[in-house]
Amino acid sequence: MSLPVPVFPRPFAAVGLAVSLSLTTAGAAWAEPAMVPPPPAPPQADAAPSIRLPGPGRGTPDSFADLAARLLPAVVNVSTTETVKPGDDDGEADGDGEDAPQIPNFPEGSPFEKFFHDFMSHQNGPEAAPRKMQALGSGFIIDASGIVVTNNHVIRHADQITVTLQDNTVLKAKLIGHDDRTDLAVLKVETSHPLPAVVFGDSDHARVGDWVLAIGNPFGLSGTVTAGIISSRGRNIEQGPYDDFIQTDAPINKGNSGGPLFDMQGQVIGINTAIYSPSGGSIGIGFSIPSAEARGIIDQLRRTGKVSRGWIGVRIQDVTQDIADGLGLKAAHGALIAGVEAKGPAAAAKLQVGDVIQTLNGKEIDGRALPRLMADTAPGQVVKLGVWRHGQAVTASVTVGALPEDPKEVPVPKPDAKAQGSVQLQGLGLTVGAIDDVARQKFNLAEGQKGVVVTSVAQDGAAADRGLRAGDVITQVQQAEVATPADLRRSVDAARAKHRRSILFLVQNADGLRWVPLPLADDAK
């Protein structure tokens, strides 16, 4: 069964909502149990050391009414209008095809089929007139002067943005700035009097199990208040390099995008952004951008209209236990470098492919956290990286640069080599060959590509299980470059001689570079 994909509670043009509830009460039959004398008490043993448990949890609030009444005036509806020209993909951002008109299935050649075909061709043809699309989302006021925060996907591509206050006052909004990577946007409305505003709290202090309140505009129903708890922290839903979402079971639906997630002090600790759902409606799995991440982005957008992020120019992946075994690491933690930008800060600091970044300014990190921590670091700042390299711990000082608009990955240069022949590694389930003219043409490899090419993969082998395919190129084994199939064979034999449980390949394909650990069998040849 495939997992449901994340659904962004998107703006929408029309609402059709049907709810079906089925409540069933089952009767129960029961009888008094027979009275059985208790067994004799066992001899008193020495008391085991007591286990200290957390203090008693706070009970369910009697009501959220006072809190909701205080917060509702600062939550707004965000409405957008977009002009869609014929041929434009108006469902590019969040559409799921539900709003597209469907042509009935009439008998082929019937007058009705011709009528509807001609009608739809006229509506959607190149000569059709541009049409207006309206969409709704949520937002909240963070400054009495009229500063509003919402999601970027709510206002993306909008020709006109309006904000509706709780008292139904409609104000035109100006876009101050937006950030695609974190899906945040800041708006400005002009008023003759101060507006009610809310403040950000510290999401880092929010705990799993804490009560939260979500307020927004689901399905166009303004001022909707829902309650729940924080279900988890630090969720990665594969929506970007900086994913660190708060998960909540407070119902969030389409139209809630950009709305606030409050703690019980009435402070914003999250910005509701996405849900997991098989149907598009809430099933109690919603995701919010934590305020600890959003505040810095919003401050930059207010000041400059754009976001500047720190960057050191490496491509990394998390260190799994298999990778740790292959590298001889005792603990599976850190960020393994899979690529280094040729002219980036990391290259200037002599960082290498295969280095494992274990600490940042003395604090332990993992591969998932490093991009976010680097992005939060101001360009020009010098950071100390604790690096594990070939069995030794070294320290590298890196001057953080500014993230380019479109960073390009430059392949790491490899030494020239002239290689012939092929090698079958049965224990690993793959066969590799030299990169010659025939291999370049067959697998569409670049002229300067170095390493050895995977020519075949056994369907039930370890290589297939780890995602290797024919045409992939192995450029390093155990952090050492390989130029010929014989080099690869020697590296595998050396790892077996050291009784390693796995061996680490640096694999390059159309998706870039990645480290792949493969388990070793001592008797495999």
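Here, every reference points to the structure presented above.
Residues numbered from 1 in each chain as written. Predicted model: local features only at pLDDT ≥ 70, side-chain atom pairs only at ≥ 80, totals over all residues. Heavy atoms only, no water.

### With respect to empty space enclosed by the protein
Unfilled space is identified by rolling a water-sized probe across the atoms. Under the convention used in this document: Here the term cavity refers to a set of points on a 1 Å grid, laid over the protein atoms alone, in which a 1.4 Å probe fits but cannot get out; the term pocket refers to an open set having protein on both sides within 12 Å along at least five of seven lines, with lining residues being those that place an atom within 4 Å of a point. Grid points are joined across faces, edges and corners, and a volume is the space filled by probe spheres set on the points. Helix and strand definitions here come from DSSP, where helices need a minimum of 4 consecutive H or I residues and strands a minimum of 2 consecutive E residues; each element is numbered from the N-terminal end.
On inspection of all chains with the given rule, the structure shows 1 cavity of 30 Å³ or more. In this structure, the largest cavity encloses a volume near 40 Å³. Around the largest cavity, the lining residues are Thr-182, Tyr-242, Glu-293, Ile-297, Arg-309, Arg-372, Ala-375 and Asp-376. Elements supplying a minimum of two residues to the lining of the largest cavity: α4 (291–304) and α7 (370–375).

### Quick word on the pattern of salt bridges
Convention followed: What counts as a salt bridge is simple: a side-chain nitrogen of Lys or Arg found within 4 Å of a carboxyl oxygen of Asp or Glu.
Taken as a whole, this structure holds 10 salt bridges when the rule is applied. With a shortest N-O distance of 3.3 Å, Arg-302 and Asp-143 are connected by a salt bridge. One end of the pair, Arg-302, is in helix α4; the other, Asp-143, is in strand β3 (residues 131–143), and 159 residues separate them in sequence. We note a salt bridge from Arg-389 to Asp-355, for which the minimum N-O separation is 2.7 Å. Here Asp-355 lies in the loop between α6 (345–348) and β17 (356–360) and Arg-389 lies in strand β19 (residues 382–389), a separation of 34 residues in the sequence.

### Describing the nonpolar core
The tendency in soluble globular proteins is for nonpolar side chains to be buried as a group. The cut-off we apply is this: The nonpolar core is taken to be a set of buried Ala, Val, Leu, Ile, Met, Phe, Trp, Tyr and Cys residues, with the residues joined through side-chain atoms within 4.5 Å. Throughout, exposure labels follow a simple rule: accessible area from a 1.4 Å probe, protein chains only, divided by the maximum for the residue type, with under 20% read as buried, over 50% as exposed, and the rest as partly exposed. By definition, residues are in contact when any of their heavy atoms lie within 4.5 Å.
Counting 32 residues, the largest nonpolar core has Leu-327, Leu-336, Leu-351, Ile-357, Leu-385 and Trp-515 as the members making the most contacts within it. It is strand β16 (residues 335–340) that provides the largest number of residues to this core, a total of 5 residues. When residues no more than four places from it in sequence are discounted, the contact partners of Leu-351 are Ile-337, Val-340, Ala-346, Leu-385, Val-387, Arg-389, Ala-396 and Val-398. Residues Ala-68, Leu-71, Ile-142 and Ile-215 belong to the second largest nonpolar core, which totals 30 residues.

### Brief notes about α4
As a reminder of what qualifies: Any helix carries an expected span of 1.5 Å times its number of residues minus one.
Taking 1.5 Å per residue, 14 residues should reach 20 Å; α4 reaches 20 Å between its end C-alpha atoms and fits that length. Taken as a whole, α4 has its buried residues at Ser-291, Glu-293, Ala-294, Ile-297, Ile-298, Gln-300 and Leu-301. Residues of α4 that are buried sit in contact with β3, β4 (147–151), β6 (170–179), β7 (184–189), β12 (268–276) and β13 (286–290). Gly-305 sits one or two residues past α4 and shows a positive phi near 80°.

### Some points on unusual backbone geometry
The residue His-157 is not glycine, and still its phi comes out positive at about 70°. Within the secondary structure layout, His-157 lies in the loop between α3 (152–155) and β5 (160–164). Residue classification places His-157 among the partly exposed residues on the basis of a relative accessible area of 43%. Positive phi is not limited to glycine here, since Phe-219 has a value of about 55°.

### Some details on helix α10 (residues 485–497)
For the record, the criterion: Taken from the helix axis, the directions to the C-beta atoms give the arc we talk about.
Its 13 residues place the ends of α10 18 Å apart at the C-alpha level, agreeing with the 18 Å of an ideal helix rising 1.5 Å per residue. Within α10 the residues assigned to the buried category are Pro-485, Leu-488, Ser-491, Val-492, Ala-495 and Arg-496. Buried positions in α10, seen along its axis, are confined to an arc of 135° and lie on one side of it. Facing away from the buried side of α10, by more than 90 degrees, are the exposed residues Arg-490 and Ala-497.

### Digging into the packing of aromatic side chains
Aromatic rings in a pair are described by how distant their centres are and how their planes are angled relative to each other. Heads up, the rule is: When the centres of two rings from Phe, Tyr and Trp lie within 6.5 Å, Trp using its six-membered ring, the rings pair. Their planes under 30 degrees apart give stacked, over 60 give edge-to-face, and anything left gives tilted.
Taken as a whole, this structure holds 4 aromatic pairs when the rule is applied. Judged by centre distance (5.7 Å) and plane angle (55°), the ring pair of Phe-64 and Trp-211 falls under tilted. Taken together, the residues Phe-64 in the loop between β1 (6–7) and α1 (65–71) and Trp-211 in strand β8 (residues 211–216) connect sequence positions 147 residues apart. Geometrically, the ring pair formed by Phe-140 and Phe-200 is edge-to-face, given 6.0 Å between the ring centres and 80° between the ring planes. Here Phe-140 is found in strand β3, whereas its partner Phe-200 is found in the loop between β7 and β8, with 60 residues between them in sequence. A single burial state applies to Phe-140 and to Phe-200, both of which are buried. Among the aromatic residues, ring-to-ring pairing joins Phe-245, Tyr-276 and Phe-287 into one connected group.

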